[in-house]
Each structure stands twice: as structure tokens, then as C-alpha cells.
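Below, each chain spelled out in residue letters.
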Amino acid sequence: MDQPAQDLPILLFDSGVGGLTVLGELRELLPQAPVIYAADMAGLPYGAKSEAEIAARVAGLLGRMAERYQPRLICIACNTASTIALGMVRDVLETPIVGTVPAIKPAAKMTRTGVIGLLGTEATMRQAYVDELEREFVGDCTLLRYGANNLVALGEAKLRGESVDVDDVARAAAGLVLQNHGERLDTVILACTHFPLLEDELRQAFGEGVAFIHGAEGIARRIVSLTEGQDFARSAPDFAVGTGELADFQRLAPAFARYGIDDLRAF
């Protein structure tokens, strides 16, 4: 395979800003890699949309972004988009694609009580892909699922610098522990890239005995693996693009600046 140009970027795509958790891990492993962060702010939240709507939207946007930016690799840093649209996007694009899947396999190895919680959007919870992961990796454990769409908005609010009440986070996630066997829950999978933004609040809500796991580090390692041997060099600073109103997107400038991105543009 031909060596890609050094300044070809990695494109990180998310429905909003939850993918910054993946960007943070990627910066640790590949600090020299040029990155474009793409946020579908106009489509947020994905978790309440139909599968057909999400698949069409994600495939259409990524097709246009691939044509415009010529990325060396695309990461769909969104569990909902990945579990629904990953196969379709891989079918229509020649660019290597890394998806985001719930960390069910490592959670099953971590649990001591045998009860695991899966916390994501409602759309992610009902996907056959999640059923397949459960059949393959859960074994004798019990997997409790709960779609907590409201945590997405709370994560976005926290990233904007707004105050987030632990009680609001607890109410949004309470449906997980109120299920049968919920009192034995000791491991929670954060199956939405927005949710690690609220990990401190979730720890307070669930208590000391519950461990949390998410896939951001694993996704970053997968990107490193797929780009092994490639050269990286920036010809310009990294930037972010967002759908919808640019003024609304630019309100997130302080959050992006913490990840080394100062240039926010409309897509």
C-alpha cells in the first residue's frame, strides 16, 4: 500500500462532543497525528432517532467529509452511530473505518459479582450488534441495559462549563440499578462517548463499589494499530467542523481548546 501523505488527517466523527474523550486518548498515543474533529451538532441527539434516519445521516455526512478532507482514517467516535451505520459506511467508503463498540468483553472479565450494567443511548441498547456482543462475551454474567439519553445533554452542558447537578445525573441513570439484580451491580460500561465526561458525577451517583469502563483508550490503540508505519506531520493546525449554526458550535471553543483545537468551522 502506498504511504499516505504525512499531513493527511485522522477524522474523528461524533454526534456531538463526546468524541473528545477519544481525542484525548489519541493525543496521548499519537500526538503528532493531524486530526479533524467533526461534530454533527444539527443531528444531536442520535439516541432518540430511528435507525434508518441515523444510518442515512451518518453515511451521507461521512461520504461528503471523506471527499472534502481526504482523511487517511475515519473514526466513528459514537456508539449509537457505530452500532447502526458502521457496516453501511464501510460498504460505501474505501477509507479505513474504526468504530466504537460497548466494552462488554473487558467488563465481563472485571466483574466480581457477575452483574454488569450497560449504560448508553436508547438507540444503542436495542441494536442486534449489542445482542451479539452479549451472547459472545457475557457468559454466566448478567447484563443489565439502560438507555439514558438525558446523560448526553448533561455531558454536553458540563463540557460547555455549565454546572451539572449530581442528582440530575443520578436520576438519568437510575433505571439501571432499579432493575432485577441491580443491587449487585459492580461494573458499568459507559457505552456512549459522552458519558465519560460525567464519570465523576456517575461515581458519586453509583457509589464506591461500582467500577466504570469505556472504550476510548481501546479505540485510540486500534487507530494506532491501523496507522502503524505511517508518517505524520501537520501542515496546518488541527481544526473542528460542526453542522448547524456556527455561533452555537463556537460556544464550545473553550472545551475544544483543552484538546488543542482552537479553530472551529461550519460544515
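The model shown is predicted, which means the values in this text are computed figures rather than measured ones.

Student: Quick one: what's the story with helix α3 (residues 79-92), residue by residue and with numbers?
Tutor: Two residues of an α-helix separated by three or four positions point the same way, owing to the 3.6 residues in each turn. A rise of 1.5 Å per residue sets the reference length of α3, with its 14 residues, at 20 Å; its end C-alpha atoms lie 19 Å apart and thus fit the reference within 8%. Bending of α3 peaks at approximately 65° at the position of Ala85. What α3 keeps buried is the set Asn79, Thr80, Ala81, Ser82, Thr83, Ile84, Ala85, Leu86 and Val89. Next to the buried residues of α3 lie α2 (51-69), β3 (73-76), β4 (97-98), α5 (122-125) and α6 (128-137).

Student: Let's hear about the sheet that holds strand β1 (residues 10-14): which residues, and what values?
Tutor: Ordered by their spatial adjacency, six strands build an open sheet running β4-β3-β1-β2-β9-β10, and the pairing between neighbours is parallel. Among the strands making up the open sheet, the edge pair consists of β4 and β10 (263-266). Two elements, β3 and β4, share two bridges in a ladder whose sense is parallel. From the neighbouring strand, Cys75 faces β4, where its bridge partner is Val98. Against the sheet, α2 touches β1, β2 (35-39), β3 and β9 (239-242), its axis set at about 155° to β1.

Student: So what's going on with the nonpolar core? Which residues, and what values?
Tutor: Ranked by internal contacts, the top residues of the largest apolar core, which has 30 residues, are Ile10, Leu12, Leu26, Tyr37, Cys75, Ile223 and Phe256. Those elements giving two or more residues to this core turn out to be β1, α1 (20-29), β2, β3, α10 (216-226) and α12 (253-257). With near-sequence residues (within four places) excluded, Leu26 lies in contact with Ile10, Leu12, Pro31, Val35, Ala220 and Ile223. Counting 28 residues, the second-largest nonpolar core is a separate cluster that includes Ala59, Met65, Ile74 and Cys78.

Student: Help me get a handle on the layout of surface pockets, residues and values and all.
Tutor: Unfilled space is identified by rolling a water-sized probe across the atoms. If you add up the space inside the largest pocket, you get close to 460 Å³. Forming the walls of the largest pocket are 22 residues, and the residues nearest its centre are Val101, Ala103, Gly215, Gly218 and Ile219. When contributions to the lining of the largest pocket are tallied by element, the ones reaching two or more residues are α3, α4 (104-110), α6 and α10. Per-element tally for the lining of the largest pocket: the top contributor is α10, with five residues. Of the residues in the lining of the largest pocket, the class split is eleven nonpolar, five polar and six charged.

Thresholds applied
Residues numbered from 1 in each chain as written. Predicted model: local features only at pLDDT ≥ 70, side-chain atom pairs only at ≥ 80, totals over all residues. Heavy atoms only, no water. Helix = DSSP H or I, 4+ residues; strand = E, 2+ residues; numbered from the N terminus. Expected span 1.5 Å × (residues − 1). Bend = angle between axes of the 7 residues up to and from the residue. Buried < 20%, exposed > 50% of the residue type's maximum accessible area, 1.4 Å probe, protein only. Contact = heavy atoms within 4.5 Å. Pairing = 2+ DSSP bridges. Axes fitted to C-alpha atoms, helices over the stretch in contact; angles between N-to-C directions. Core = buried A, V, L, I, M, F, W, Y, C linked by side-chain atoms within 4.5 Å. 1 Å grid on protein atoms, 1.4 Å probe; cavity = no way out; pocket = protein on both sides within 12 Å on 5 of 7 lines; lining within 4 Å. Points joined across faces, edges and corners; volume = space filled by probe spheres on them. Nonpolar A, V, L, I, M, F, W, Y, C, P; charged D, E, K, R; others polar.

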